[in-house]
Structures are given as structure tokens and as C-alpha cells.
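Coordinate inspection notes
These are the residues of each chain, in order.
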Amino acid sequence: MKNLHEYLKISPAVQKALDEGRPVLALESTIISHGMPYPQNLETARLCEAEARKHGVEPATVAIIHGKLCAGLTDEELEYLAKAGPKVAKASRRDLPILAARGADGATTVAATMIVAAMAGIRVFATGGIGGVHRGAEVTMDISADLEELARTPVAVVCAGAKSILDLGLTLEYLETKGVPVLGYRTETLPAFYTDESDFKVDYRMDSPEEIAAAVTAQRDMGYPGGMLITNPIPHQYAMPKDVIDAAINQALAEAKEQGVKGKATTPFLLARVCELTGGESLKSNIKLVLNNVALGAQIAAAMH
Ligand code: PSU
Ligand code: MN
């Protein structure tokens, strides 16, 4: 039998940080390959790594390269994923063993990134948005594996809330059932990704990275399975006007339905259409909110040390 370390590849820089007890922040790669177009995806991936380092935190971008579950990528690997885009497999929990056995490549979703982060001993992860319960899920049963992962894997995920391509109310209900704490950074209101508010409340408001780190540490020390969702509103000056983004999302959802878009293609389809329909404005907001999440994630990771 092979042991875990024959599948897991931790980069020298990440391994060194872990060995020295310095903070590490996980980053995902589906956002690079499927979440943003080239070249903005590559620029953003590099800026995210630089932002983490600015806070004294080692970034560990996660992906599957030649069948290895990688925590920490080289710049060549980032560039490869950014240029390949949707040609690379979008890899969630179910895909990891197949890609590993085949020696194939994959860009990891929030769920798969959490799995690899946990294997590597990384507790904090920053991204843009998570998957959730899709609108119409009462018929389609389209509920992202990200939610199930938050229920079972001990990694804290910093995101900008859930976008209204999802059913925000049902997403919160699902997280409540699964026992996942939903925190709001300096807000009582669940942020909605492109906008800094929604009609929904978070479970707990927290006003400092230290307060969040204390909650993540308590969850870790208790040792029972499960992660935490930290929602961080997009800075107001970068938020989209609600009517503009709502119109684009509604049109993208109608087109997805018309064209019979299903399964793992749904989220990338909606993100790309919303970007086109807003003339690239949604992409600018997306980049700003991701960097804002990396900054908070890095401060939380640093405060845990
Ligand atoms: N939301 C975004 N950008 C993204 C994603 C979600 O704003 O790139 C990606 C993340 O990798 C997330 C995945 O884990 O989509 C969810 O896909 P699905 O809905 O198929 O579970
Ligand atoms: Mn889905």
C-alpha cells in the first residue's frame, strides 16, 4: 500500500514554513482555471500569493499536477493552469482518486482544496466564493460538494459570501444543519459576493482577525470534524450596483436553463456569462474581493501562531 506522502506533494517553501511553525494560507485553483479568464486569472493568482507574503504568511496554492496533490505551486505551474483554463479538469472531492491514479492534472475547487490543505496540516484557506445550494435545487438537487466538505474537514474558509447565482437562504439552512459556523467579519449581514450585503444574517459577527483565530483554534483543539465559514464583505467602493448584478445573474440563470447546462459546468458557465453581461465589471469586483479575502485569511493564519 502507498502511504499518503506518495500522493501529497508539499512545495519546499510551504514545507519549510510548516517545519518552522510559520503561518501558511491555502489558496484554490479552480478560480484560476474556471473562475476567471486569462490573463486576469494569472495576474490575480500571483497577486494573491504576494498579498499573503506581505503579511508574513506563506501561500500554498493547491492543484493536482501529474496526479500529485500539490500544496504550493511554482510560477510555471500557476501559468500552466491559467493558460489551460477550462481544459484542465475541475477537481472536487469525487475526482481526487481518479486524477491521482491516472497521473492527471486538476484544478481544485473549495472542497478539494480543503481536503489537500487538511492533509498538509494547513488550517486556513482564502478564496473568492464558495459553491452552495443552487437556485431550484429543490428540483435539480444541485448542492455544491463544498458545503459537505465544510461539514467534515477542519479548515476555515474565508470568502466574500455566496453569490446570488445561489439560493442564499437555502445555503445558510444547509450549513446550519451540518453544524458549520458562519461568521461575518465586521458585519451582521451575509455578504453576497459582488455586493456587501444581502437580506440574510450571519451566525456571529467578529471584528478582528484575532477573534476569528480564537474560534478556529477552539474548533481545532476540540478535535471534532468540520470547518468554519468566514464571510468578508467586498470593500464598498468595489461593490457592484445591486440592480446591475441582479439583472446579469438572472439573465445568465435563464440562459443556463435554456441551454441545459448541468452539474459541474453550471458555476463556471454562470461566472463567465455574468462577466460578459457586465462588460467585465464583475471581474474587476471579483479580483478586488479575492485579494481582500487573502489579506484577512493571512491575518487569521498569522493570529493562530
Ligand atoms: N464561485 C466563484 N468563483 C469560483 C467558484 C465559485 O465565485 O471560481 C468555484 C470554486 O472553486 C468552488 C466551485 O469551489 O466553483 C464550486 O463549484 P460547484 O458549484 O460545481 O460545486
Ligand atoms: Mn453543482
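Now for a description of the structure that goes with this document. Residue positions are given per chain, counted from 1 along the sequence in the order it is written. Each chain gets a letter, beginning with A, and each ligand a number, beginning with 1, in the order they are written. Reporting in this predicted model follows two pLDDT cut-offs: at least 70 for local features of residues, and 80 or more for side-chain atom pairs to be given and counted; totals over whole chains, interfaces and linings ignore these cut-offs and use all residues. With hydrogens and water stripped out, all remaining heavy atoms of the structure feed into the side-chain values.

Topic: the overall build of the protein chain
Helix and strand definitions here come from DSSP, where helices need a minimum of 4 consecutive H or I residues and strands a minimum of 2 consecutive E residues; each element is numbered from the N-terminal end. Within the protein chain one finds 13 helices and 11 strands. In terms of overall size, the protein chain behaves like a compact globule, its C-alpha atoms giving a radius of gyration of 18 Å where 305 residues would be expected to give roughly 19 Å. Each principal axis of the C-alpha atoms in the protein chain carries an extent, and together these give about 50 × 40 × 35 Å. Here's how the labels work: a residue is buried when its accessible area is under 20% of the maximum for its type, exposed when over 50%, partly exposed in between, all with a 1.4 Å probe on protein chains only. The buried share among the 305 residues of the protein chain stands at 57%. The contacts in the protein chain between residues at least 6 apart in sequence include a share of 74% that link residues at least 24 apart. The charge count treats Lys and Arg as positive and Asp and Glu as negative. His and the chain ends do not count. Lys charges are placed at NZ, Arg charges at CZ, Asp charges at CG and Glu charges at CD. Side-chain charges in the protein chain split into 30 positive and 37 negative, and the spacing between the mean points of these groups amounts to 5 Å. Our radius of gyration is a C-alpha quantity, and the globule rule it is checked against amounts to 2.2 Å times the number of residues to the power 0.38. Whether two residues touch is decided by their heavy atoms; if any such pair falls within 4.5 Å, the residues are in contact.

Description of helix 4 (residues 75–84)
Among the residues making up helix 4, those that are buried are Glu77, Leu78, Leu81, Ala82 and Ala84. Buried positions along helix 4 lie against strand 1 (8–10), helix 2 (30–35), helix 3 (40–54) and strand 3 (58–65). Positive phi shows up at Gly85, right after helix 4, with a value of about 55 degrees.

Here we look at the layout of surface pockets
Both cavities and pockets are sets of points on a 1 Å grid over the protein atoms alone; in a cavity a 1.4 Å probe fits but cannot get out, in a pocket the set is open with protein on both sides within 12 Å along at least five of seven lines, and lining residues sit with an atom within 4 Å of a point. Grid points are joined across faces, edges and corners, and a volume is the space filled by probe spheres set on the points. Estimates place the volume of the largest pocket at around 610 Å³. Lining the largest pocket we find 30 residues, and of these Lys90, Thr109, Ser144, Asp146 and Thr267 sit closest to its centre. Among the elements of the structure, helix 2, helix 8 (145–152) and helix 12 (266–277) are those that each provide at least two residues to the lining of the largest pocket. At four residues, the largest contribution of residues to the lining of the largest pocket is made by helix 2. Classifying every residue of the lining of the largest pocket by side-chain character gives eight nonpolar, 14 polar and eight charged. Its boundaries defined by the atoms lining it, the second largest pocket holds a volume of some 450 Å³. The wall of the second largest pocket is formed by 17 residues, among which Arg135, Thr140, Lys257, Val261 and Thr266 lie closest to the centre. Of all the secondary structure elements, the ones that give two or more residues to the lining of the second largest pocket are helix 7 (137–140), helix 11 (242–258) and helix 12. Polar here means any residue outside two lists: the nonpolar Ala, Val, Leu, Ile, Met, Phe, Trp, Tyr, Cys and Pro, and the charged Asp, Glu, Lys and Arg; Gly therefore counts as polar.

Here we look at the site of ligand 1
Throughout this document, a residue counts as near a molecule or strand when at least one of its heavy atoms sits within 4 Å of that molecule or strand. Residues in close proximity to ligand 1 total 16 residues, the closest being Glu28, Ser144, Asp146, Lys163 and Thr267. Between N or O atoms, a polar contact is any pair within 3.5 Å; within protein, one atom must be a potential hydrogen donor and the other a potential acceptor, and residues adjacent in sequence are included only when both atoms are from side chains. Within the side chain of Lys90, one N or O atom sits 2.7 Å away from an oxygen atom of ligand 1. Within the backbone of Gly129, a nitrogen or oxygen atom sits 3.5 Å from a nitrogen atom of ligand 1. Accessible areas in this description were obtained via Shrake-Rupley with a 1.4 Å probe; residue shielding takes into account the shown protein chains only. Isolated, ligand 1 exposes 470 Å² of accessible area, and the fraction of that covered by the protein chains is 95%. In this structure the site holding ligand 1 corresponds to the largest pocket. For the shell around ligand 1, the secondary structure elements donating two or more residues are helix 2 and helix 12. In terms of residues, the shell around ligand 1 owes the most to one element, helix 2, which gives three residues. Across the shell around ligand 1, the residue classes break down as four nonpolar, eight polar and four charged. A molecule is counted as occupying a cavity or pocket when more than half of its atoms fall within 2 Å of that pocket's grid points.

Structural notes on the environment of Val294
Its location among the elements puts Val294 in helix 13 (residues 281–303). For Val294, a relative accessible area of 0% puts it in the buried group. Once the C-alpha coordinates of Val294 and His55 are considered, the two residues, 239 residues apart in sequence, prove to be 9.7 Å apart. Filtering out sequence-adjacent residues up to four positions away, Val294 remains in contact with Leu25, Leu27, Cys48, Glu51, Ala52 and Ala126.

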